[in-house]
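One letter stands for each residue in the lines below.
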Amino acid sequence: MNKQQLIQEVNKEFNNVDLKWSEQIEVYRSFLTGYNQKVNLTRLDDESKIYGLYFYESIIPYKNIDFSKIKSILDIGSGSGIPGVVLKILFPHIQLGIIESNNKKVTFLKELINKLNLKNVDIYLKRAEDIKQDEYESYDLVTSRAVGKLKPMLEVSTPYAKIGGLIIIPKSQNYQQETNGLYHLNRSLDVQQSMNQFVSKNGIQHNVFVFKKLHKTNRMYPRAWSKIAKEN
């Protein structure tokens, strides 16, 4: 996928994107490519792969979201900025929070945000399960992409979402093996589950789990990671 194809697909799939987004995404690509030569952030070093497999595939799971109603997003395990920074470029009104536990990636993200001159972006160097009391029920949308298994990511993500907010976890083709016991976790966390499945322009299958948070999260969640990992 080249830049023009990316622009065409994004403008087709998403409504009311910022008029300058394509200029910003090119700054992002150029900065990522140069930085990646010094610090290994992604194996996708070909320009067409960055446009297609990196930018496009990271945001297409959110094509059915009405971002005019989303004021804040938390991206857990954003790595080098996907999907959070790309969504922020498309919809600058969003308050973006990023949780990343890798120091070198946090350094890159801070430089990237400065390079793009993005406002209202908070980057946290920590693990998501280390939540503070004032961080509960803070975001309209919480998401994690390619970070971990479905149930652990749902448990650490849900506490950050507002009541009525969404938790979105895109998964690959092998998602079925991660769903055992999911119904019981949904009940414990007070979330309502739905799912979107589709094949992208690049022929990649997307299985997008969408959870709506119904009530405040019990403060026993998220549990210590050692307990979460032991069950999954």
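**What about the packing of helix H2 (residues 21-36) against helix H5 (residues 103-116)?**
It is at 10 Å that the axes of H2 and H5 come closest, and there the two elements cross at 145°. In this structure, the crossing between H2 and H5 has a hand that is right-handed. Two secondary-structure elements touch here, H2 through Gln 24, Val 27, Tyr 28, Phe 31, Leu 32 and Tyr 35 and H5 through Thr 107, Phe 108, Glu 111, Leu 112, Lys 115 and Leu 116. Among the residues forming the contact of H2 with H5, the class breakdown is eight nonpolar, two polar and two charged.

**Regarding the packing of helix H6 (residues 150-157) against helix H7 (residues 182-189)**
Where H6 contacts H7, the two axes come as close as 11 Å, and the packing angle between them is 5°. The angle between H6 and H7 falls in the class roughly parallel. Counted together, Leu 150, Lys 151, Leu 154 and Glu 155 of H6 and Leu 182, Leu 185, Asn 186 and Leu 189 of H7 form the full contact between these two elements.

**So, the pattern of salt bridges**
Opposite charge on two side chains permits them to pair, given that their charged atoms come into close proximity. Under the definition given, this model contains 11 salt bridges. Arg 29 serves as the salt-bridge partner of Glu 47, at 3.7 Å between the closest nitrogen and oxygen. Separated by 18 residues along the polypeptide, Glu 47 in helix H3 (residues 47-59) and Arg 29 in helix H2 bring together distant segments of the chain. Close ionic contact of Lys 171 with Glu 178 constitutes a salt bridge, the shortest N to O distance being 2.9 Å. For the pair formed by Lys 171 and Glu 178, the shared burial category is buried. Overlapping salt bridges, with partners in common, bring together Glu 9, Lys 12 and Lys 201 in one network.

**Re the packing of aromatic side chains**
Evaluated as defined, the whole model comprises 10 aromatic pairs. Residues Phe 31 and Tyr 35 carry aromatic rings whose centres are separated by 5.6 Å and whose planes lie at 50° to one another, so their mutual orientation is tilted. In this pair, Phe 31 and Tyr 35 are both assigned in helix H2, four residues apart and thus about one turn of the helix distant. An identical accessibility class is assigned to Phe 31 and Tyr 35; each is buried. Note on Phe 31 and Phe 108: the rings are 5.5 Å apart at their centroids and 20° apart in plane angle, and the pair reads as stacked. Of this pair, Phe 31 sits in helix H2 while Phe 108 sits in helix H5; the two residues are 77 residues apart in sequence, bridging distant segments of the chain. Accessibility assignment for this pair places Phe 31 and Phe 108 in one class, buried. Taken together, Tyr 28, Tyr 51, Tyr 54 and Phe 55 form an aromatic cluster joined through their ring pairs.

**Comments concerning the pairing of strand S6 (residues 191-199)**
Note that S6 and strand S7 (residues 205-213) share nine bridges and pair antiparallel. Looking at S7, one finds that Val 191 is bridged to Lys 213.

**Observations regarding the side chain of Glu 129**
Mapped onto the secondary structure, Glu 129 falls in the loop between strand S3 (121-125) and strand S4 (139-144). In this structure Glu 129 comes out as buried when scored by relative accessible area, which is 12%. A distance of 2.5 Å separates a polar atom in the side chain of Glu 129 from a polar atom in the side chain of Arg 127. Residues contacting Glu 129, with those up to four places away along its chain left out, are Val 156, Pro 222, Arg 223 and Trp 225.

**Considerations on the environment of Arg 127**
With respect to the helices, strands and loops of the structure, Arg 127 is situated in the loop between S3 and S4. For Arg 127, a relative accessible area of 37% puts it in the partly exposed group. It is 23 Å that separates the C-alpha atoms of Arg 127 and Ile 59, two residues lying 68 residues apart in sequence. The contacts of Arg 127, once residues within four sequence positions are left out, are Ile 99, Ser 101 and Trp 225.

Cut-offs used in this document
Residues numbered from 1 in each chain as written. Predicted model: local features only at pLDDT ≥ 70, side-chain atom pairs only at ≥ 80, totals over all residues. Heavy atoms only, no water. Axes fitted to C-alpha atoms, helices over the stretch in contact; angles between N-to-C directions. Helix = DSSP H or I, 4+ residues; strand = E, 2+ residues; numbered from the N terminus. Left-handed = near helix turned anticlockwise from the far one by under 90°. Contact = heavy atoms within 4.5 Å. Nonpolar A, V, L, I, M, F, W, Y, C, P; charged D, E, K, R; others polar. Parallel < 35°, antiparallel > 145°, perpendicular 65-115°, else oblique. Salt bridge = Lys/Arg side-chain N within 4 Å of Asp/Glu carboxyl O. Buried < 20%, exposed > 50% of the residue type's maximum accessible area, 1.4 Å probe, protein only. Phe/Tyr/Trp six-rings, centres within 6.5 Å; stacked < 30°, edge-to-face > 60°. Pairing = 2+ DSSP bridges. Polar contact = N/O pair within 3.5 Å; in protein donor to acceptor, adjacent residues only side chain to side chain.

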